[in-house]
Amino acid sequence: MAELCREVILSNDYYDFIVQYGYGMDQMGDCILNIMDRFEIYYWPRDWREFSINNYTYYAIPKLFGLLDTSSMDVSGITALQNQPILNLTGKNVLMGFVDTGIDYQNPLFLGKDGKTRVTAIWDQTDQSGTAPEGFYYGTEYREEAIDAALQTENPEHTVPSRDENGHGTFMAGIAAGGMTEDGSFTGAAPDAKIAMVKLKPAKQYLRDFFFIREDALAFQENDIMAGLAYLRRLARELRLPLVVCLGVGSNQGDRTGAMPLSRVMEYMGTDTGTILVAAAGNETGLAHHYMGMFGREKEMESVELRVAEGERGFSLEFWAQAPEVYSIALLSPTGGSIPQIPARLGRSEVASFIFERTVVYIDYQIVDPISGNFLIVMRFQDPTPGVWTIQVYNSLFISGRYDMWLPMEGFLSPDTVFLRPDPYTTLCNPAAARQVITVSTYNHVDGSLYQHSSRGYTRDDRIKPDITAPGVNVYGPGRDGRFVRKTGSSVAAAHVAGSAAQLLEWAVGMGKRPSINTNDALTFFIRGADRRPELEYPNREWGFGTLNAYQIFERLSDV
């Protein structure tokens, strides 16, 4: 059965579905992954029924995620905590978990002072040569003993063939939990922490085709990320260690209210005692991927202009509004072709084609999204004619008049496919809008400026996100093959906060100062310790509650 399930899970001939726990059907098959008793992942043959949003619902279809690509330690107060003679917080007896592109476990930064590995476990979803973690069926799990044994051989990859071909996961782990180089030129935030890495497998081709993801884009499936989180949670409980999870992947899909399955799993997990979840806010500001519309009560129609780049093979676009409002759309192509207003109907799907153009637009209405309860239109443009498209928006039930549209994230479509009148706010990448997650935006620690592309809040339901800002511009850290590189992005900022969270867990759990700590508690500590500029009002959409200062957390605790 396990081998059969492995084949099914990996096969592009099977659809993957995310189903709320307890709502599945027996006829959905024998290969089912349980995600923390909150969701189940089912796999079903592709020839069963036409693959569409209205046949399976929006949230059942896995969304696709991409990467959100040491003076920075000093300015964040992390080095001061490492060197403080009484606290000396270095992440001892804390497990740091990553769901990313893998890890270069041979890098000396991930060895302890005894020369043995600090990588407690690797679940490589791409490697089918060994035994999968119990209950997950696919990939291969490598534990600390196997990694140490491999490091004693001339060719470690012969024994543990897991590699990080991209380098992103290695960089993240290095910033958060890397050791110190011999010359002292680099150290991670929590150099004594244990490390666990889930290496994500690439998204299946049918999902890439469905959402028209660029061929050169690296994309991961939501359900694989969810499985990775479930694995890390179980591992931490087995080892009886407090856990920090650092997530440096994101997506422009979803409604930014924390309703998507990945966000709900993180919300549940974030309430666990001894667990802190950290997510990158994203790098979407200034890329013109978000449009916010606001109807007046008497307004009948609003035109939204979208420029499509030459050579764009396709893209998806999501339209979200707060229930009970109802909207409908019409389309005008760059050459003057038109699709008249398509009235909103429950479960309506339309395939719109143009007489003199190759373009086909697939339009799905969800009057009441079954998870969030909100209004949703998904538009998928196939072979779009380059030039300026106009989406005419009509409102038939007015309450607030606000609606939002998002194009795919950077890397998933051409950089020249943009809204002509974009809005810079609510540009957070999911799951940054999730509750019980510390959401991190990005600044330049050298000159103190906000990173120009740092995603901004708030969430679509007006909750404060991001929570805190950390260094993430031109940061020095470990890359592939033992080299050092510089990276920029909110995932880098999230790694700083995750490392600081490991320091906090060492104090709270390891030293017994606050054993009941969870993500919400940790966020309060970070907010109290944050640096704030006198000329700014806090919280705000760019900086959250201020910039990371781990040392100041403890200074202010001593004043209470």
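Residues numbered from 1 in each chain as written. Predicted model: local features only at pLDDT ≥ 70, side-chain atom pairs only at ≥ 80, totals over all residues. Heavy atoms only, no water.

**A few points about the packing of aromatic side chains**
Working step 1: Applying the stated criterion across every chain yields a total of 36 aromatic pairs.
Working step 2: Ring geometry for Phe 17 and Phe 51: centres 6.5 Å apart, planes at 35 degrees, overall tilted. With a gap of 34 residues between them, Phe 17 in strand 1 (residues 14-20) and Phe 51 in the loop between strand 3 (39-45) and helix 2 (53-56) connect regions that are remote in the sequence.
Working step 3: Judged by centre distance (4.7 Å) and plane angle (10 degrees), the ring pair of Phe 315 and Phe 381 falls under stacked. Taken together, the positions of Phe 315 in strand 15 (residues 314-321) and Phe 381 in strand 20 (residues 375-382) put the pair 66 residues apart, joining distant regions of the chain. Each of the two residues, Phe 315 as well as Phe 381, counts as buried.
Working step 4: Ring pairing ties together the aromatic residues Tyr 291, Phe 295, Phe 319, Tyr 327, Tyr 365, Phe 375, Tyr 403 and Phe 419, which thus form one cluster.
Working step 5: Over the aromatic face of Phe 295 sits the side chain of Lys 299, whose NZ or CZ is 5.9 Å from the ring centroid.
Working step 6: Its end group placed over the ring of Phe 210, Arg 380 keeps NZ or CZ at 3.8 Å from the ring centre. (Phe/Tyr/Trp six-rings, centres within 6.5 Å; stacked < 30°, edge-to-face > 60°. Helix = DSSP H or I, 4+ residues; strand = E, 2+ residues; numbered from the N terminus. Buried < 20%, exposed > 50% of the residue type's maximum accessible area, 1.4 Å probe, protein only. Lys NZ or Arg CZ within 6 Å of the ring centre and 35° of its normal.)

**Topic: the pairing of strand 4 (residues 64-67)**
Working step 1: Strand direction decides the pairing type here: strand 4 and strand 9 (residues 220-221), joined by 2 bridges, are antiparallel. Across the sheet, Leu 64 pairs through a bridge with Gln 221, a residue of strand 9.
Working step 2: Across 2 bridges, the pairing between strand 4 and strand 11 (residues 249-250) is antiparallel. Residue pairing in the sheet places Leu 67 in a bridge with Val 249 of strand 11. (Pairing = 2+ DSSP bridges.)

**A closer look at unusual backbone geometry**
Working step 1: A cis geometry characterises the amide bond from Gly 457 onward to Tyr 458, with omega recorded as -5 degrees.
Working step 2: Position of Tyr 458 among the secondary structure elements: in the loop between strand 24 (438-443) and strand 25 (468-471).
Working step 3: A cis amide bond links Lys 465 to the next residue, Pro 466, at an omega of 0 degrees.
Working step 4: Along the polypeptide, Pro 466 turns up in the loop between strand 24 and strand 25.
Working step 5: The phi dihedral of Thr 57 falls on the positive side, at around 80 degrees, and the residue is not glycine.
Working step 6: By the element assignment, Thr 57 lies in the loop between helix 2 and strand 4.
Working step 7: The phi torsion at Asp 462 lies on the positive side, around 65 degrees, for a residue other than glycine.

**Concerning the state of the cysteines**
Working step 1: For the structure shown, the criterion picks out 1 disulfide.
Working step 2: Note on Cys 246: no disulfide assigned, nearest cysteine sulfur contributed by Cys 429 at a separation of 15 Å.
Working step 3: Using a relative accessible area of 0% as the deciding quantity, one classes Cys 246 as buried. (Disulfide = S-S within 2.5 Å.)

**So, the nonpolar core**
The nonpolar side chains of soluble globular proteins are, as a tendency, buried together.
Working step 1: Ranked by internal contacts, the top residues of the largest apolar core, which has 138 residues, are Met 96 and Phe 526.
Working step 2: Looking at which element gives the most residues to this core, the answer is helix 11 (residues 490-510), with 12 residues. (Core = buried A, V, L, I, M, F, W, Y, C linked by side-chain atoms within 4.5 Å.)

**A short note on the environment of Gly 311**
Working step 1: Within the secondary structure, Gly 311 is located in the loop between strand 14 (301-308) and strand 15.
Working step 2: For Gly 311 and Phe 419, which are 108 residues apart along the polypeptide, the C-alpha to C-alpha distance reads 17 Å.

**Here we look at the side chain of Thr 181**
Working step 1: Position of Thr 181 relative to the elements: it lies in the loop between helix 7 (168-177) and strand 8 (194-199).
Working step 2: For Thr 181, a relative accessible area of 16% corresponds to the buried category.
Working step 3: A polar contact of 2.8 Å, which involves the side chain of Thr 181, links it to the side chain of Asp 183.
Working step 4: Setting aside its immediate chain neighbours within four residues, Thr 181 contacts Leu 109, Phe 186 and Phe 484. (Polar contact = N/O pair within 3.5 Å; in protein donor to acceptor, adjacent residues only side chain to side chain. Contact = heavy atoms within 4.5 Å.)

**Considerations on the packing of helix 9 (residues 222-239) against helix 10 (residues 261-269)**
Working step 1: Running from amino to carboxyl end, helix 9 crosses helix 10 at an angle of 15 degrees, the nearest separation of the two axes being 9 Å. Of the possible angle classes, the one that applies to helix 9 and helix 10 is roughly parallel. The crossing of helix 9 and helix 10 is left-handed. Contact with helix 9, carried on its side by Glu 222, Ile 225, Met 226, Leu 229 and Arg 233, involves Pro 261, Leu 262, Val 265, Met 266, Tyr 268 and Met 269 of helix 10 and no other residues of that element. (Axes fitted to C-alpha atoms, helices over the stretch in contact; angles between N-to-C directions. Parallel < 35°, antiparallel > 145°, perpendicular 65-115°, else oblique. Left-handed = near helix turned anticlockwise from the far one by under 90°.)

**Focus on the sheet that holds strand 23 (residues 418-419)**
Working step 1: Read from one edge to the other, the open sheet built from 5 strands follows the order 17-16-21-14-23, with strand pairing classed as antiparallel. Each edge of the sheet is formed by a strand with only one pairing partner; in this case those strands are strand 17 (338-342) and strand 23.
Working step 2: Taken together, the 2 bridges between strand 14 and strand 23 define a ladder with antiparallel strand orientation. Looking across to strand 23, one finds that Arg 307 is bridged to Val 418.

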